[in-house]
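Read off the chains here:
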Amino acid sequence: MKLARPDVFHPRIVLAGCPALPEGDGDDAGLQAALRHRGLHASWLPWDDPATLSADLVILRATWDYTERLDEFLSWTRAVRHLVNPARIVEWNTDKRYLGDLRRAGVPVVPTQYFAVRERVQVPDGEVVVKPAVGAGSAGAQRFVDASQALAHAAALQEAGRAVLVQPYDPRIADGETALVFFGGQESHAFTKGPMLPPAGQSPVFEETGTYAEESLSPADPDDEVWDVGRRAIEAVIERFDIEPEDLLYARVDVIGGPRDPRLLELELVEPGLGFRQLDQSVREDAERRFAVGVEKALQRFGLGPLSHRGL
């Protein structure tokens, strides 16, 4: 019987979900096999499971309830031993105020007004989208053509202690968003997210756990002008936090519009769905492999490689 080498360190890796979806929505189903292929073993746990605090590496994947437990979640991100993406970037990215930072860095962003909890909200003429500044899965986001109704929704969010974003409704969203996926700061693949917000006066339809709005996804092959928006967003983050591209294990940049005036709608660095299921098998397996390679490199950066504990 062949015994495992006693001098090889096997890091404890956790893929973090949430209590409602402890193993995500199935899109990441191939990641454990991709990691095993590189000699790495990962298990799924809800992010608030105490066992995550003893893991060597925690990878955020489906922590989709963090918006309702933000302070607790951010405290947890700082408490785990090693987190990807890094905790300070996660904290910045949980509040959509980051859109202003990206705009000031020269990234073409959908026009956005930010209003703090006690700040008077102003609504421009025409159809608008009002959403909480801290939110995920379209929870709390609605379209309005009536300014008084938009202001009432914003007031309700503020009364609940939530800052507000107001954006002009861009009709190009009817064609969906292009989700650009990056691994290690390098472009990987893309997919299309159908429009999630229904017409004004209606609320999104959520999946059965109520965690996120139902999505219609399909493959995509974006123009280079669209990819360029994603590249500029990634470059802005790298410069802002003075990190290496590899420090971003994953990123998703959601863009509306085609080659003419594409605009960033959201930059997802916390727990984005990565659209693996939208890829052909060979392309999917290659993307999952690149994700696993990124995890392997992260372990090496943290001193958690296979021989890191030799002699201890």
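In this report, the structure presented in the accompanying data block is examined. Predicted, not measured: the structure shown is a model, and the values here were computed from it. (Residues numbered from 1 in each chain as written. Predicted model: local features only at pLDDT ≥ 70, side-chain atom pairs only at ≥ 80, totals over all residues. Heavy atoms only, no water.)

## A closer look at the overall build of the protein chain
Per the secondary structure count, the protein chain includes seven helices and 13 strands. Per-residue burial over the protein chain gives 52% buried out of 312 residues. Expressed as a percentage of contacts within the protein chain between residues at least 6 apart in sequence, the contacts between residues at least 24 apart total 73%. Summed over all atoms, the accessible surface of the protein chain reaches about 14800 Å², with 48% contributed by carbon and sulfur. (Helix = DSSP H or I, 4+ residues; strand = E, 2+ residues; numbered from the N terminus. Buried < 20%, exposed > 50% of the residue type's maximum accessible area, 1.4 Å probe, protein only. Contact = heavy atoms within 4.5 Å. Areas by Shrake-Rupley, 256 points an atom, 1.4 Å probe, with all protein chains shown as cover.)

## Considerations on empty space enclosed by the protein
Under the criterion given, the structure shown has one cavity of 30 Å³ or more. Each pocket or cavity is described by its volume, and for the largest cavity that value is around 70 Å³. Taken together, Y66, N93, T94, K96, Y98, G135, E266, L267, E268, V270 and E271 make up the full set of residues lining the largest cavity. The leading source of residues in the lining of the largest cavity is strand β13 (residues 263-268), at three residues. Looking at the lining of the largest cavity residue by residue, the classes come out as four nonpolar, three polar and four charged. (1 Å grid on protein atoms, 1.4 Å probe; cavity = no way out; pocket = protein on both sides within 12 Å on 5 of 7 lines; lining within 4 Å. Points joined across faces, edges and corners; volume = space filled by probe spheres on them. Nonpolar A, V, L, I, M, F, W, Y, C, P; charged D, E, K, R; others polar.)

## Description of helix α5 (residues 147-159)
In this model, α5 (13 residues) spans 18 Å end to end at C-alpha, consistent with the 18 Å of a helix rising 1.5 Å per residue. Turning to α5, its buried residues number three or more, namely A150, H153, A154, L157 and Q158. Along the long axis of α5, the arc covered by the buried residues comes to 140°, so they all point the same way. Summarising the contacts, the buried residues of α5 are in contact with β5 (113-115), β6 (128-132), β7 (142-144) and β8 (164-168). In the segment just after α5, G161 is the residue with positive phi, at about 85°. (Expected span 1.5 Å × (residues − 1). Arc of directions from axis to C-beta.)

## Regarding the pairing of strand β10 (residues 186-193)
Remark: a regular strand shows side chains that alternate across the two faces of the sheet. Taking burial as the measure, the eight residues of β10 include six buried ones, the bulk of the element. Between the end of strand β9 (residues 177-183) and the start of β10, which pair antiparallel, lie two residues, with G184 showing a positive phi angle near 60°. Examined bridge by bridge, β10 and strand β11 (residues 217-219) share three bridges and lie antiparallel to one another. Looking at the pairing, T192 lines up with S218 of β11. (Pairing = 2+ DSSP bridges.)

## Focus on the sheet that holds β8
On the basis of which strands lie adjacent, the open sheet formed by four strands has the order β5-β8-β6-β7 and antiparallel pairing. What marks the edges here is a single partner per strand, and that holds for β5 and β7. Pairwise comparison of adjacent strand axes, ignoring direction, gives a mean angle of 25° for this sheet. Relative to β7, β6 is paired through three bridges, and the arrangement is antiparallel. Note on β7: the bridge partner recorded for V128 is F144. Where α5 meets the sheet, it contacts β5, β6, β7 and β8, and its direction lies at approximately 5° from that of β6. (Axes fitted to C-alpha atoms, helices over the stretch in contact; angles between N-to-C directions.)

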